[in-house]
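Fold and contact review
For reference, the chains in residue letters:
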Amino acid sequence: MSFWLPLLVLATSLVAAIGIFMIPENRHAVRGTFNLTAALIKIALIIWILIGVIQQQTFETRFTLIGDIDFILRADALSLLFAGLSSILWLCTTVYAMGYLNKAPHRSRFFGFFSLCVASTMGIAMAGNLFTFLIFFEMLTLSTYPLVVHKGTPEALRAGRKYLIYTLSGGAVLLIGIAMLHGLIGSFEFAETGVLSDVAIEQHPLLVFIFAVLILGVAVKAAIVPLHGWLPSAMVAPAPVSALLHAVAVVKAGAFGVVRIVHNVYGIEFAQALGVLLPLAIIASVTIIWGSIQALRQSEIKKRLAFSTVSQVSYIILGITLFGPIGTIGGLVHLLHQGITKVTLFFCAGIFAETLGAHKIKELNGVGRRMPLTSVCFTLGALSMIGIPPLAGFISKWYLGWGAMEAGMSWVILVLLASSALNSAYFLPVIYRLWFLPAPATWPDEKIPFRRMETNPWLLWPTIVTATFTVGAGVLAASPLSPLSWSALIAVREYLP
C-alpha cells in the first residue's frame, strides 16, 4: 500500500469531482452524500499515512514522465502538515458550502471544481519534486478560476480575468526557474536538507538568480506585495470560495512553495550561506505591514479580511527566512493556525451577509445580540489574528518573535509589534460594533432561518468547529498531537546535520 496510498489520497478528490459533474443538478442529496463521503475517506487516508510516517514508513508513488523527469507523490512530515490542514478544512468548507448554496443554481459545477481544487492542493502538498509541484500548481489555477467567476456577473468575470493573468504569469515564471535549475544540475527531488549545497561555488551567483525567479513564480499565489492585486478582487466569489482561497488552497500553495524552495531545494543552511534569506525576510515584512495598513482602510468585511490575509500569509514566509529551528516552527505552525483562523472569519462574514444582508463593517452594529454564536466565533478568530493568548495566533507570533531573537534579527520584533497593533486597529472596532453598539431597527436583508435559529445550521456548525480548532490549537499547543508539535518535528529534521 505504500505505493498506492498517496495516489488514493489524490484520487478521492478526483473521483469525487468526476462523479459530481455527472450528478444531475436536482439530485442534491446524492451530490451531498458523495461529497461528504469522499471528504471523510480522504481524512481517514491521511490519518493512516500520518501513523505510518510517525513509525518511519515511506509512502511514495513514482513513475517516469519523460526522460529523467519523474512524477513523484511522496508523504513526508511537511506534506502531511499541508495535506492534513486541507483535508479537514475541505470537510468543513463542503458542509458550509452545502448550506450557503442551498437553492442556488449550478451546484454540480461548483462542487465539481471545488473537488478538483482540493485534489490540486493535495498534489501540491505531496509533490516530491518541482515538476510534480508545477503540474498541480497550474491545475489549481485552472480549477479555481470557475469558482471565482461562479456568479457570472461582469464584476466576477473581471476578477476572474485578473486572477488568471496574475496566476498564469506566476506559473510561467516558475516554469522558467525550474527549467534553469534542471539545466544546471539535472533531475532532482525534494530533500529535507536541500539538494544544492554541493554545486560548484562559481555557480552560486546563478543559483541566487534562479532562487529569485522561483520565488517570483510562487509569490503571486502567496500574495506578496506588489503581486497581490488579484486577491482583493477575487472577493467577489461566494464566501466558501473566499474561505478556500484564503485558508486552504491558493495563498497557502504559494506560501508552501516558498517553504519547499527554501528548505527542500536550496536547504536552509545553504540558502543562508547564499545570502538570499534576508532580502526575502525584508519583502515579507513590508508585505505584513502594508497588508495591515490596507486592511485598516477597507469598509467591506470581506475586503478587510482579504488584506488581512495578504499580511498574515507573509508571517509564514517571514518565519521560514529566520535562520534557526524556532523561526521555522513559527512559520510552519502559522501555515495551520492562519488557515483555521481565517476560514472561521470568512465563514462568519458569509453568515452575516447571507442572514442579515450585512456586507459592510458599519452594518454589524449589535449583531452580537442577534447572532451570539456567530459573533463569538468571529471574535475568537479576530483575537487570534491579533495574537491574544492563549489562541492559535499567539503561539505563532510567540515563536516568530523567539525565532527572530535566536537568529539575531531583533528588528523583526518591531515588525511583529507594529503588525499586531495594526491588527488590533482593524479588528477591535469590529468586535466593538458586534457587542457594544445598539442594533438597527432593521437589517439590510434579514432572512429568518428555520425555527428562528440565528442562522442556517449548515453554516453555523462548521464555523463553530473551526473556531474551536482556533482555541484548541492554542490551549493544547503542548500536546504531542498539536500543530506546534508536528511543526517542531519537521524543523528538527530540517536542521539535522
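Note that the coordinates shown come from a computational prediction; the quantities given were computed from them, not determined experimentally.

Rules behind the numbers
Each chain carries its own residue numbering, running from 1 in the written order of its sequence. Thresholds applied to this predicted model are a pLDDT of at least 70 for local features of residues and 80 or more for the giving and counting of side-chain atom pairs; totals over whole chains, interfaces and linings are not thresholded and use all residues. Here the side-chain values reflect all heavy atoms present in the structure, with hydrogen atoms and water set aside. Salt-bridge detection follows one rule: a side-chain nitrogen of Lys or Arg within 4 Å of a carboxyl oxygen of Asp or Glu. Between buried and exposed lies partly exposed: a residue is buried under 20% and exposed over 50% of the maximum accessible area for its type, with that area taken using a 1.4 Å probe on protein chains only. Secondary structure counts use DSSP, requiring at least four H or I residues in a row for a helix and at least two E residues in a row for a strand, with both numbered from the N terminus. Pairing of aromatic side chains here covers Phe, Tyr and the six-membered ring of Trp, requires ring centres within 6.5 Å, and sorts the geometry by plane angle: under 30 degrees stacked, over 60 edge-to-face, intermediate tilted. Look at NZ for Lys and CZ for Arg. If either is within 6 Å of the ring centre and within 35 degrees of the ring normal, a charge sits over the ring. UniProt positions are given in the numbering used here, feature names are shortened, and annotations may be inferred rather than shown by experiment. Throughout, the protein atoms alone are placed on a 1 Å grid, and a set of points is a cavity if a 1.4 Å probe fits but cannot get out or a pocket if it is open with protein on both sides within 12 Å along at least five of seven lines; lining residues have an atom within 4 Å of a point. Grid points are joined across faces, edges and corners, and a volume is the space filled by probe spheres set on the points. Gly falls in the polar group here, along with every residue not listed as nonpolar (Ala, Val, Leu, Ile, Met, Phe, Trp, Tyr, Cys, Pro) or charged (Asp, Glu, Lys, Arg). The definition of a nonpolar core used throughout is a set of buried Ala, Val, Leu, Ile, Met, Phe, Trp, Tyr and Cys residues joined through side-chain atoms within 4.5 Å. Between two residues, a contact is recorded if the distance between any of their heavy atoms is within 4.5 Å.

A short note on the pattern of salt bridges
A full pass over the atoms with the stated rule returns eight salt bridges. With a shortest N-O distance of 2.9 Å, R62 and E60 are connected by a salt bridge. For R62, a relative accessible area of 29% puts it in the partly exposed group. The salt bridge involving R74 is made with E189; its shortest N-O contact spans 2.7 Å. In this pair, R74 sits in strand β2 (residues 69-75) while E189 sits in the loop between α6 (154-185) and α7 (204-219), placing the two residues 115 residues apart along the sequence.

A closer look at the packing of aromatic side chains
Within a pair of aromatic rings, the relevant descriptors are the distance that separates the centres and the angle that separates the planes. Inspection of the entire model under this criterion finds 20 aromatic pairs. When the ring of F71 is compared with that of F136, the centres are 5.9 Å apart and the planes differ by 55°; the resulting orientation is tilted. Taken together, the residues span a long stretch of sequence, with F71 in strand β2 and F136 in helix α5 (residues 130-148) at a distance of 65 residues. The class for F71 is buried, based on a relative accessible area of 9%. In this structure F136 comes out as buried when scored by relative accessible area, which is 5%. Just above the ring of F137 sits the side chain of K221; from NZ or CZ to the centre is 3.9 Å.

Comments concerning the UniProt feature "domain: NADH:quinone oxidoreductase/Mrp antiporter transmembrane" (unreviewed entry) in the protein
Within this numbering scheme, the UniProt entry marks residues 127-420 as carrying the feature "domain: NADH:quinone oxidoreductase/Mrp antiporter transmembrane" (unreviewed entry). When the span residues 127-420 is considered, its composition is 76% helix and 0% strand, and the gap between its end C-alpha atoms is 34 Å.

Structural notes on the layout of surface pockets
Its volume calculated, the largest pocket comes out at about 740 Å³. Around the largest pocket, the lining is made up of 27 residues, and of these I88, L336, L481, S482 and P483 lie nearest the centre. Residue contributions to the lining of the largest pocket peak at seven residues, all from helix α3 (residues 77-100). Per-class residue counts for the lining of the largest pocket are 21 nonpolar, six polar and no charged. Along the wall of the second largest pocket there are 21 residues; nearest its centre are M235, V236, E300, K302 and H359. Going through the elements one at a time, α6, α8 (230-233), α13 (301-321) and α14 (325-356) are the ones with two or more residues in the lining of the second largest pocket. For the lining of the second largest pocket, the leading source of residues is α14, giving four residues. In terms of residue class, the lining of the second largest pocket is built from 11 nonpolar, three polar and seven charged.

Overview of the nonpolar core
Grouped burial of nonpolar side chains is what soluble globular proteins tend to show. Within the largest apolar cluster, 163 residues are counted, with the highest numbers of intra-cluster contacts made by Y266 and F352. The element contributing the most residues to this core is α3, with 14 residues. Setting aside its immediate chain neighbours within four residues, Y266 contacts G194, L196, L207, I210, F211, L214, I261, A271 and L274. Grouped together as the second largest cluster of nonpolar side chains are eight residues, I329, A477, L484 and A491 included.

Focus: the UniProt feature "domain: NADH-Ubiquinone oxidoreductase (complex I) chain 5 N-terminal" (unreviewed entry) in the protein
UniProt marks residues 68-111 with the feature "domain: NADH-Ubiquinone oxidoreductase (complex I) chain 5 N-terminal" (unreviewed entry), using the numbering shown here. A distance of 37 Å separates the end C-alpha atoms of residues 68-111, which is 66% helix and 16% strand.

Remarks on empty space enclosed by the protein
One simple way to see leftover space: roll a probe sized like a water molecule over the atoms. Applying the stated criterion to the full structure yields three cavities of 30 Å³ or more. Estimated volume of the second largest cavity: approximately 40 Å³. Residue lining of the second largest cavity: D68, I69, N129, L130, F131, I178, H182, S187 and F188, and that is the complete set. When contributions to the lining of the second largest cavity are tallied by element, the ones reaching two or more residues are α5 and α6. The class makeup of the residues in the lining of the second largest cavity is five nonpolar, three polar and one charged.

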